[in-house]
Amino acid sequence: MAGDTETHLSDYAENNNVIRQPFLIGVSGGTASGKSSVCEKIMELLGQNEIDHHQRQVAILSQDSFYRELTPEQKAKALKGQFNFDHPDAFDNELVMKTLWQIMQGKTVQIPVYDFFTHSRKDEFVTVYPADVVLFEGILMFYSQEIRDLFQMKLFVDTDADTRLSRRVLRDIGERGRDLEQVLTQYITFVKPAFEEFCLPTKKYADVIIPRGADNLVAINLIVQHIQDILNGGLTKRHSGCMNGHSTPARQRQTSESSSRPH
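Nothing here was measured: the structure is a model prediction, and the numbers come from that model.

Sorry, what's going on with the packing of aromatic side chains here?
The relative placement of two aromatic rings is captured by the distance of their centres and the angle of their planes. Applying the stated criterion across every chain, the model contains nine aromatic pairs. For the ring pair tyrosine 114 and phenylalanine 116, a centre distance of 5.2 Å and an interplane angle of 70° mean the geometry is edge-to-face. Like tyrosine 114, the residue phenylalanine 116 is buried in the burial classification. The interplanar angle of 70° and the centroid separation of 6.2 Å between the aromatic rings of phenylalanine 142 and phenylalanine 151 together place this pair among those described as edge-to-face. You can call phenylalanine 142 buried: its relative accessible area is 0%.

Next up, the structure:
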């Protein structure tokens, strides 16, 4: 009987401290589409942003943390706005995969901190503790099939191109110390073509498309309800217990912490 099997798996997990894989949610979309805002709104509606980092059940990671270390020549180009940070090769996908596998095994992970002023990794890390649900956002989260297949839910934040450009201009000037001409040149040369070639085609893999980003409270509330069901155990056996066709036992409750800032 299926119900008996599920019961036995739960009993086995409790008696043997078996760790269940967390529910992984990928969040993709163009630059400045509102991916981080959607993740933060989900955290807010779940009340996770009011909980101590060590007690959170939901964690957020950003693909921006996984930019590759640049060679001296690449860094010189980057400082002039001549390096394509929106190309798949700009990201350290091996480290992304390693981090995701560690998260799936219930391990605490160290996430690099990227400095957008110097275009290099800082000598510091953000600690992300085991969580029941992990939101991983980035412009190319669905580009690699190997990474894409690890997500049990895939969200695509779909925002008007003019809105995204205006947000990026304000962000890059205000937060990253760049001038208007450099931002616009980089957008026309790299960002827009890369979005059309690498990011937009991955929209077809999304389970849920969220127009207007964090302003779309109807879509976000539906996602929040789904996550609440997972946290309450209502969907764990059906969803987080099926990874690549293999069932896994229920997981022991552990603590989590959110990491910072996205693309």
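How should the nonpolar core be read in this particular structure?
The nonpolar side chains of soluble globular proteins are, as a tendency, buried together. One finds Ile25, Ile42, Val58, Val133, Leu135 and Ile227 to be the most contacted residues of the largest nonpolar core, which totals 23 residues. Of all the secondary-structure elements, those providing two or more residues to this core are strand 1 (23-29), helix 2 (35-46), strand 2 (58-62), strand 5 (133-137), strand 6 (153-158) and helix 8 (217-231). The greatest single-element share of this core, amounting to seven residues, is contributed by helix 8. Those residues in contact with isoleucine 227 that lie beyond four places of it in its chain are Ile25, Ile42, Leu46, Val58 and Val133. Leu61, Val96, Ile103 and Val134 belong to the second largest nonpolar core, which has 22 residues in total.

Looking at this structure, how should I read helix 6 (residues 161-174)?
Structurally, the α-helix is built with 3.6 residues per turn, so residues lying three or four positions apart point the same way. The end-to-end C-alpha separation of helix 6 is 20 Å, in line with the 20 Å expected for 14 residues at 1.5 Å each. Those residues of helix 6 lying buried are Arg164, Arg168, Val169, Arg171 and Asp172. Those residues of helix 6 that are buried are in contact with helix 7 (180-199). Between a side-chain oxygen at the N-terminus of helix 6 and the backbone nitrogen of aspartate 162 the separation is 3.0 Å; the capping residue is aspartate 160.

Would you take a moment to explain the confidence of the model for the chain for this structure?
Any segment with low pLDDT has predicted coordinates that should not be analysed in fine detail. The predicted model of the chain has a mean per-residue pLDDT of 84, with 81% of residues at 70 or higher. Segment residues 234-263: pLDDT under 50, and 112 contacts once partners within four positions in sequence are set aside and those in other chains are kept.

Help me out: how do you make sense of a nonpolar patch on the surface in this one?
The grouping of Ile173, Leu180 and Leu184 at the surface amounts to a nonpolar patch, some 230 Å² of accessible area in total. Within the secondary structure, leucine 184 sits in helix 7.

Sorry, what's going on with the sheet that holds strand 1 here?
Either a parallel or an antiparallel arrangement is found when strands of a sheet pair, and the pairing is made through backbone hydrogen bonds. One open sheet holds the five strands; their spatial order is 2-5-1-6-7, and the pairing between them is parallel. Among the strands making up the open sheet, the edge pair consists of strand 2 and strand 7 (208-211). Taking each pair of neighbouring strands and ignoring which way they run, the sheet shows an average axis angle of 20°. Judged from the five bridges that link them, strand 1 and strand 5 form a sheet pairing that is parallel. Bridging from a neighbouring strand, valine 27 pairs with glutamate 137 of strand 5.

Here is what the cut-offs are and how they apply
Residues numbered from 1 in each chain as written. Predicted model: local features only at pLDDT ≥ 70, side-chain atom pairs only at ≥ 80, totals over all residues. Heavy atoms only, no water. Phe/Tyr/Trp six-rings, centres within 6.5 Å; stacked < 30°, edge-to-face > 60°. Buried < 20%, exposed > 50% of the residue type's maximum accessible area, 1.4 Å probe, protein only. Core = buried A, V, L, I, M, F, W, Y, C linked by side-chain atoms within 4.5 Å. Helix = DSSP H or I, 4+ residues; strand = E, 2+ residues; numbered from the N terminus. Contact = heavy atoms within 4.5 Å. Expected span 1.5 Å × (residues − 1). Polar contact = N/O pair within 3.5 Å; in protein donor to acceptor, adjacent residues only side chain to side chain. pLDDT = per-residue confidence, 0-100. Patch = residues over 30% accessible without salt bridge, like charges linked within 9 Å, V, L, I, M, F, W, Y side chains within 5 Å. Areas by Shrake-Rupley, 256 points an atom, 1.4 Å probe, with all protein chains shown as cover. Salt bridge = Lys/Arg side-chain N within 4 Å of Asp/Glu carboxyl O. Pairing = 2+ DSSP bridges. Axes fitted to C-alpha atoms, helices over the stretch in contact; angles between N-to-C directions.

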